[in-house]
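Architecture at a glance
Residues per chain are reported as follows:
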Amino acid sequence: MNMITKQHPELYPIVRAHYLASAVCFVLIGVLFFFASADFAGHYFQPKLLAITHLAALGWVTMVIFGAAYQLVPVILETGLSGYRLPWLSFVAFLSGLVLLVCSFWRFEPGLCMQGGALLLLTGMLGFTTVIFLTGKRLKNKKENIHQEMINTSCIWLLATGVLGVLLVFNLRYAFLPQDHLQFLRLHAHMGMGGWFLLLVIGVSSKLVPMFLVSRKQNLWLLDWVYYLLNGGLLAFVIDTYLEGINNRTYLIALLPTAAFIIYFIYLIQCYRSRMKRRLDLPMMYTMLSFILLLAALLIQPLIINAHVQNTAQGIALTKLYGLLVLMGWLSLLILGQAFKTLPFLVWLKIYGPGTGKEPTPLPSDLYSQKLLVIQGIAFTGFILSMITMALSGLAAPARIASGCLLLTALCYLLNLTRVLTHKKTTGHA
Amino acid sequence: MHSFDITDPDTYIEMEAWERLRSIIDPELHVNIIDLGLVYTIRANSTVRMLVVVMTLSSPSCPVGEAILQGVANCLEARFVDYKTDVQLTWEPAWGFDNITEEGKKQLWG
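About the thresholds
By convention here, each chain's residues receive numbers from 1 onward along its written sequence. Starting at A for chains and at 1 for ligands, labels are handed out in the order in which the entities are written. Predicted model: local features are reported for residues with pLDDT of at least 70 only, side-chain atom pairs are reported and counted for 80 or more only, and whole-chain, interface and lining totals are derived from all residues. Note that water and hydrogens are dropped before the side-chain values are worked out from all heavy atoms of the structure. Strands are runs of DSSP state E lasting at least two residues, helices are runs of H or I lasting at least four, and both sets are numbered from the N terminus onward. Side-chain atoms alone can form a polar contact between residues adjacent in sequence; in general such a contact is a pair of N or O atoms within 3.5 Å, and within protein one must be able to donate a hydrogen while the other accepts it. Note on definitions: a residue-residue contact is assigned when non-hydrogen atoms from the two residues lie within 4.5 Å. When DSSP finds two or more bridges between a pair of strands, those strands are recorded as paired. Every crossover in which the path from the first strand over the helix to the second runs clockwise, viewed with the strands pointing away from the viewer, is termed right-handed. To get an axis, fit a line to the C-alpha atoms, keeping to the stretch in contact for a helix; angles then go from 0 to 180 degrees between the N-to-C directions. By definition here, a salt bridge exists when the distance from a side-chain nitrogen of Lys or Arg to a carboxyl oxygen of Asp or Glu is within 4 Å. Per-residue confidence from the predictor is reported as pLDDT, a score between 0 and 100. In these notes, a set of buried Ala, Val, Leu, Ile, Met, Phe, Trp, Tyr and Cys residues joined through side-chain atoms within 4.5 Å is what counts as a nonpolar core. Whether a residue is buried, partly exposed or exposed follows from its accessible area with a 1.4 Å probe, protein chains only, as a fraction of its type maximum: under 20%, in between, or over 50%, in that order. Here the limits of each domain have been adopted from an automatic or database domain assignment. A quick way to say it: buried area is the sum, across both parts, of accessible area lost when two parts are put together, with a 1.4 Å probe. Note on terminology: pairs of cysteine sulfur atoms within 2.5 Å are recorded as disulfides. Angle categories are assigned with fixed cut-offs, so that under 35 degrees is roughly parallel, over 145 is roughly antiparallel, 65 to 115 is roughly perpendicular, and the rest are oblique. Note on convention: near helix rotated counterclockwise from far helix by under a right angle means a left-handed crossing. Clockwise means right-handed. For this scheme, ten residues count as nonpolar: Ala, Val, Leu, Ile, Met, Phe, Trp, Tyr, Cys and Pro. Four count as charged, namely Asp, Glu, Lys and Arg, and the remainder, Gly too, count as polar.

1. Description of the side chain of Thr56(B)
All names here are of chain B.
- With respect to the helices, strands and loops of the structure, Thr 56 is situated in the loop between strand 2 (50-55) and helix 2 (65-79).
- One polar contact links the side chain of Thr 56 to the main-chain carbonyl oxygen of Thr 90, over a distance of 2.8 Å.
- Sequence-distant contacts of Thr 56, that is, excluding residues within four places in its chain, are made with Leu 38, Tyr 40, Leu 89, Thr 90, Trp 91 and Trp 95.

2. With respect to the pairing of strand 2 of chain B
Residue and element names in this part refer to chain B.
- Note that strand 1 (residues 39-45) and strand 2 share 6 bridges and pair antiparallel. When the sheet's bridge partners are listed, Asn 45 is paired in strand 2 with Met 50.
- Here strand 1 folds back onto strand 2, and the loop between the two strands holds 4 residues, one of which, Arg 49, carries a positive phi near 55°.
- As defined by bridge partners, strand 2 adjoins strand 3 (residues 84-89) across 6 bridges and the pair is classed as parallel. Each residue of the ladder has a partner; that of Val 54, found in strand 3, is Gln 88.
- This β-α-β element, strand 2 to helix 2 to strand 3, shows right-handed connectivity.

3. Section: the sheet that holds strand 3 of chain B
Residue and element names in this part refer to chain B.
- The mixed open sheet is built from 3 strands, whose spatial order is 1-2-3. Of all the strands in the sheet, the pair left with one neighbour each is strand 1 and strand 3. Neighbour-to-neighbour, the strand axes of the sheet open up by a mean angle of 15°, direction not taken into account.
- Helix 1 (residues 9-20) contacts strand 1 and strand 2 of the sheet and is inclined by roughly 140° relative to strand 1.
- Running at roughly 155° to strand 3, helix 2 makes contact with strand 2 and strand 3 of the sheet.

4. Comments concerning the pattern of salt bridges
Residue and element names in this part refer to chain B.
- If you walk through the whole model with that rule in mind, you get 13 salt bridges over all chains.
- We note a salt bridge from Glu 19 to Arg 22, for which the minimum N-O separation is 3.1 Å.
- Asp 82 is paired through a salt bridge with Arg 49; the nearest N and O atoms lie 3.0 Å apart. Note that Asp 82 is positioned in the loop between helix 2 and strand 3 and Arg 49 in the loop between strand 1 and strand 2, a separation of 33 residues in sequence.

5. Focus: the confidence of the model for chain B
- The share of residues in chain B with pLDDT of 70 or more is 96%, and the mean pLDDT across the chain is 89.
- Per-element confidence in chain B ranges from a low mean pLDDT of 89 for helix 3 (residues 102-109) of chain B to a high of 96 for strand 2 of chain B.

6. Some remarks on the nonpolar core
- With 189 residues, the main nonpolar core has Ile29(A), Phe197(A), Trp330(A), Phe383(A), Tyr413(A), Leu21(B) and Met55(B) as its most contacted residues.
- Looking at which element gives the most residues to this core, the answer is helix 10 (residues 314-352) of chain A, with 23 residues.
- Two domains share this core, each providing at least three of its residues, namely domain 1 (7-143) and domain 2 (312-353 + 360-422) of chain A.

7. What to know about the interface of chain B and chain A
- Contact with chain B, which involves 32 residues of that partner, is made by 32 residues of chain A.
- Counting the surface lost from both chain B and chain A, the interface buries some 2800 Å², and carbon and sulfur atoms represent 64% of this.
- Looking only at chain B, the three residues that lose the most surface to chain A are Glu28(B), Phe97(B) and Trp109(B), adding up to 24% of its buried area.
- Counting every contact that joins chain B to chain A gives 2 salt bridges.
- In this structure, Glu28(B) and Lys341(A) form a salt bridge, with 3.0 Å as the shortest nitrogen-oxygen distance.
- Scanning the region where chain B abuts chain A turns up 7 residue pairs in polar contact (both at pLDDT 80 or more).
- At the level of secondary structure, the elements contributing two or more residues to the side of chain B that touches chain A comprise helix 2, strand 3 and helix 3 of chain B.
- Ranked by residues supplied to the side of chain B that touches chain A, first place goes to helix 2 of chain B with 8 residues.

8. What to know about the state of the cysteines
- Applying the stated criterion across every chain yields a total of 0 disulfides over all chains.
- Cys103(A) provides the cysteine sulfur closest to Cys113(A), a residue in no disulfide bond, and the two sulfurs are 7.4 Å apart.

9. Digging into the domain arrangement of chain A
All names here are of chain A.
- Taken domain by domain, chain A comprises domain 1 (7-143) and domain 2 (312-353 + 360-422).
- Each of domain 1 and domain 2 has a C-alpha centre, and these two points are 17 Å apart.
- In this complex, domain 1 contributes 30 residues to the contact, which on the side of domain 2 involves 33 residues.
- A buried area of about 2900 Å², summed over both sides, lies between domain 1 and domain 2, and 82% of it is on carbon and sulfur atoms.
- Its largest share of buried area at the contact with domain 2, domain 1 owes to Tyr 12, Phe 26 and Phe 33, together 22% of the area lost on that side.
- Our enumeration of links across domain 1 and domain 2 arrives at 0 salt bridges.

10. A word on the packing of helix 2 (residues 47-77) of chain A against helix 5 (residues 146-174) of chain A
Residues and elements named next belong to chain A.
- Running from N to C, helix 2 and helix 5 cross one another at 150°; their axes reach a closest spacing of 11 Å. Considering the angle they form, helix 2 stands roughly antiparallel to helix 5. Relative to helix 5, the crossing made by helix 2 is left-handed. Residues Phe 66, Val 73, Ile 76 and Leu 77 of helix 2 pack against His 147, Gln 148, Ile 151 and Leu 158 of helix 5.
- Looking at side-chain class alone, the contact of helix 2 with helix 5 contains 6 nonpolar, 2 polar and no charged residues.

11. As for the packing of helix 9 (residues 282-310) of chain A against helix 10 of chain A
Residue and element names in this part refer to chain A.
- The contact between helix 9 and helix 10 brings their axes to 8 Å, and the two run at 165°. In terms of axis orientation, helix 9 runs roughly antiparallel to helix 10. Judged by the twist between their axes, the crossing of helix 9 over helix 10 is left-handed.
- Grouping the constituent residues of the contact of helix 9 with helix 10 by class yields 23 nonpolar, 10 polar and 1 charged.

As structure tokens, this is what we get:
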């Protein structure tokens, strides 16, 4: 019999821990968002917003990406995970680092706690990257594909973001960096959002979306363009902004990642239009809609560059809106959808896999509550709308509505996730 | 399409096995594995009490591949209790969209 990639029994607890920790962080963001709603009216570089941003980028998004990557990278690369101990070590280092960093940002104490937290986070990232690289080395056909290139490169960007983050943390105490702290913060944020999040999400989703939609047409050569334009644009941005700051050239540089995303959007549309599965389920609908939020964020980019070049006050509000749309809009909606596409499979395989064919079993989609998923979607829409109003008006009232909607979204998500993870064996369709 | 030989008693076993396997559903696509075109051949041998299924998966990394193969074995062993079932996985020919039957396409588009 030919071999297939089997699910390793040690995989499930690793993935479960990452998903749960991430969901708890999401609920915490909702709570902290409420206490910091007045701060959203000011500058983005302030203690509470730094704490929330890092809790979102690292605790909510990166944590779930780590968990999902441990589950999906073996599927995408068609090989087993390189090991199961290092992911645990990485998880412990990352989580403890996150707690230290977020707490010290919130109280703004740039001392040992913050430095130790940043170093622990970097250790966790290093552990994750090692697992992914070693898994890639186990490839059966040894021929790298574009998905693997994107995943590997995104890990390099993650490490670069982490290293710069550590330097920024130490810079708060010792001020040794040669340029303005905010200048480096901008580079840190873009390396993380474009190099780590966007590249990884494109690398993984370009494989999963056509698989879930059963798409006949997959123009993989488009992804080569996406890869080079995105990385080229990011490198150019990092070098140029480091040397000259935001300037007129930044408009041209911003065109590269925008073009990369438009090409990827075309790839997605082709997958969607050539699909054999007509009806999109809610998780897939959320996934597809999330990319519209990213498109909206990219459309704001020229306005932000203009505000910086002209040195107008609008730049701060637009930068906040841009960050919120990427982090709390695009990435959050993507997770809110994809979590219910991937995790139920893992649970279903564990509970029903060995007994399939003996008796009727529920389907993976029966493991989560559709109602909760609908409420989650409505609450998230309320959050996005009030968040946009808040960012543009600078008023505190929409921020409070946004925090309420976000908390409701997070609670629905956590409840539904717990429902999937605590599912008990039943027979027949639920 | 599998052949039907009215003079061969094993054919009836094979035909029933084909029908039985319609109860194995791909958990993501919600379409049975026969209409997805995953099963290539089923051979019954009543002399040695053996059922051999040659089938494929949509990809070697199919996350539910192991469960589908197990499901095929479980399903046939439950019905043909005095037969031994051997589920053989092959990648040649590789599975493609053209393997999906008209009924399968209808269910996907449904």
